[in-house]
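# Analysis of the macromolecular model
Residue strings, one per chain:
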Amino acid sequence: MRQFITFVRKEFLNIFRDSRTMLILLGMPVVQMLLFGFAITTEVRNTKVAVFDPSQSMESRAIIERFNASKYFTIAEEIHEQSRINDIFKYGEVGLVIVFSDNFESELRNGGDAAVQLITDGTEPNQASMITGYASNILAQCVQELSVEGTVTCRIIPQIRMLYNPQAESAYNFVPGVMGMILMLICAMMTSIAIVREKENGTMEILLVSPMKPIYIILSKVTPYFTLSMINLITILLLSVYVLGVPIAGSLVLLLLVSIIFIFLALSLGLLISNIVNTQVAAMLVSVMGLMMPVMLLSGLIFPVESMPLPLQCLSALVPARWYVDAIRKIMIQGAEIQYVMREILILTFITVALVVLSLKTFKNRLN
């Protein structure tokens, strides 16, 4: 029994000495619970709304105030030209546009059927359906209130319109997200494992003492994975267009440009991971747990970022896949030009440069 206790004590000490193991065993469950508890939600909250109200009637203003008082919506702006609707969706400024007719007040007071148009972004059909559902319920409540007050006795009929994806095809939503997840995992995970494998096999020391400069060693490691990632990208695009029926509405050149920046970002992240860890198992754990979960939960791939608590929204801004998925959705589905995705391009470029500099610096420090 004493020997058994001694061995148990030794195993505990070995675990406690390894800070990375302790972090995985004790820290990862806490992170998972917080992420799954707060990020996973089917509700859509704090959706930004734009209003086009040429009538400026008391009834329309009451409806707008009712939307603003709801926890699901926030009135972001009032537009004065319908031509701006496409622009504000492409810039990602709002999730819903409410359009009142010019004669909204007279239609209500004459006891007819007044129509209110609800326009959403169909690139995320599930989210768009929930948004229009919440909005329709609010309109129905407004009619009940007006009827009780004796102001009107008519109906408000919501006319729902989904831009860019009127058929509400789910493939329009998950194809850009899957692109981001596949490229991130293949580039980052495989690059980190390939370099760490050299360390474990003892061949990295041979490479480091060779006449080849460190930058060429790094390029020789990442070039095959860059090539494979480009092949995967082309394959995904071909499958999405000819099998899933998802069109590329925007510029193919712009789409490839954004994807190449993201691939370089993922390769740099894989190189950085390989400089931090020393075993393939550790590289696999960091790549899967540290990259796959944030990509799935915090990039907007499955759950809307706007519905998350503010701390998680700030954390999601650090996830590169969020900006890549946003840019690809705009280019592929909305047909957005470069000015509409310039923010995403600049953010991805900045993160890529930072990761490249940090990876090279860490690699050189290991050489010393």
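From a predicted model like this one, the values you see are computed outputs, not experimental measurements.

Next up on the list: the overall build of the protein chain. From N to C terminus, the protein chain includes 14 helices and 5 strands. Within the protein chain, the fraction of its 368 residues that count as buried is 44%. Sequence separation of at least 24 residues holds for 76% of the intrachain contacts in the protein chain that already meet a minimum separation of 6. For the protein chain, the exposed surface amounts to about 18800 Å²; the carbon and sulfur share of it is 64%.

This paragraph deals with a nonpolar patch on the surface. Nonpolar side chains collect at one region of the surface, where Phe174, Ile234, Leu238, Leu239, Tyr242, Val243 and Leu244 lie side by side and expose about 720 Å² of accessible area between them. Of the residues forming the nonpolar patch, the biggest block, 4 residues, is contributed by helix α9 (residues 214-242). Note that Val243 resides in the loop between α9 and α10 (252-276).

A few words now on the sheet that holds strand β4 (residues 113-121). The sheet built from 5 strands is open, its strands ordered β2-β1-β3-β4-β5 with mixed pairing. Unpaired on one side and paired on the other, β2 (73-78) and β5 (155-163) mark the two borders of the sheet. Taking each pair of neighbouring strands and ignoring which way they run, the sheet shows an average axis angle of 30°. Looking at chain direction, strand β1 (residues 47-52) and strand β3 (residues 96-100) are connected through 4 bridges and run parallel. Bridging from a neighbouring strand, Val51 pairs with Ile98 of β3. Against the sheet, helix α3 (residues 58-69) makes contact with β1, β2, β3 and β5, and its axis sits at roughly 130° relative to β2, the strand it touches most.

For soluble globular proteins, nonpolar side chains are generally found buried alongside one another. Core analysis: the biggest nonpolar cluster contains 74 residues, and Val97, Met179, Met184, Val258, Tyr324 and Met332 have the highest contact counts within it. Counting residues per element, this core draws most heavily on helix α7 (residues 171-201), at 15 residues.

What counts, and where the lines are drawn
Residues numbered from 1 in each chain as written. Predicted model: local features only at pLDDT ≥ 70, side-chain atom pairs only at ≥ 80, totals over all residues. Heavy atoms only, no water. Helix = DSSP H or I, 4+ residues; strand = E, 2+ residues; numbered from the N terminus. Buried < 20%, exposed > 50% of the residue type's maximum accessible area, 1.4 Å probe, protein only. Contact = heavy atoms within 4.5 Å. Areas by Shrake-Rupley, 256 points an atom, 1.4 Å probe, with all protein chains shown as cover. Patch = residues over 30% accessible without salt bridge, like charges linked within 9 Å, V, L, I, M, F, W, Y side chains within 5 Å. Salt bridge = Lys/Arg side-chain N within 4 Å of Asp/Glu carboxyl O. Pairing = 2+ DSSP bridges. Axes fitted to C-alpha atoms, helices over the stretch in contact; angles between N-to-C directions. Core = buried A, V, L, I, M, F, W, Y, C linked by side-chain atoms within 4.5 Å.

Limitation: the analysis is restricted to geometry and does not speak to function.
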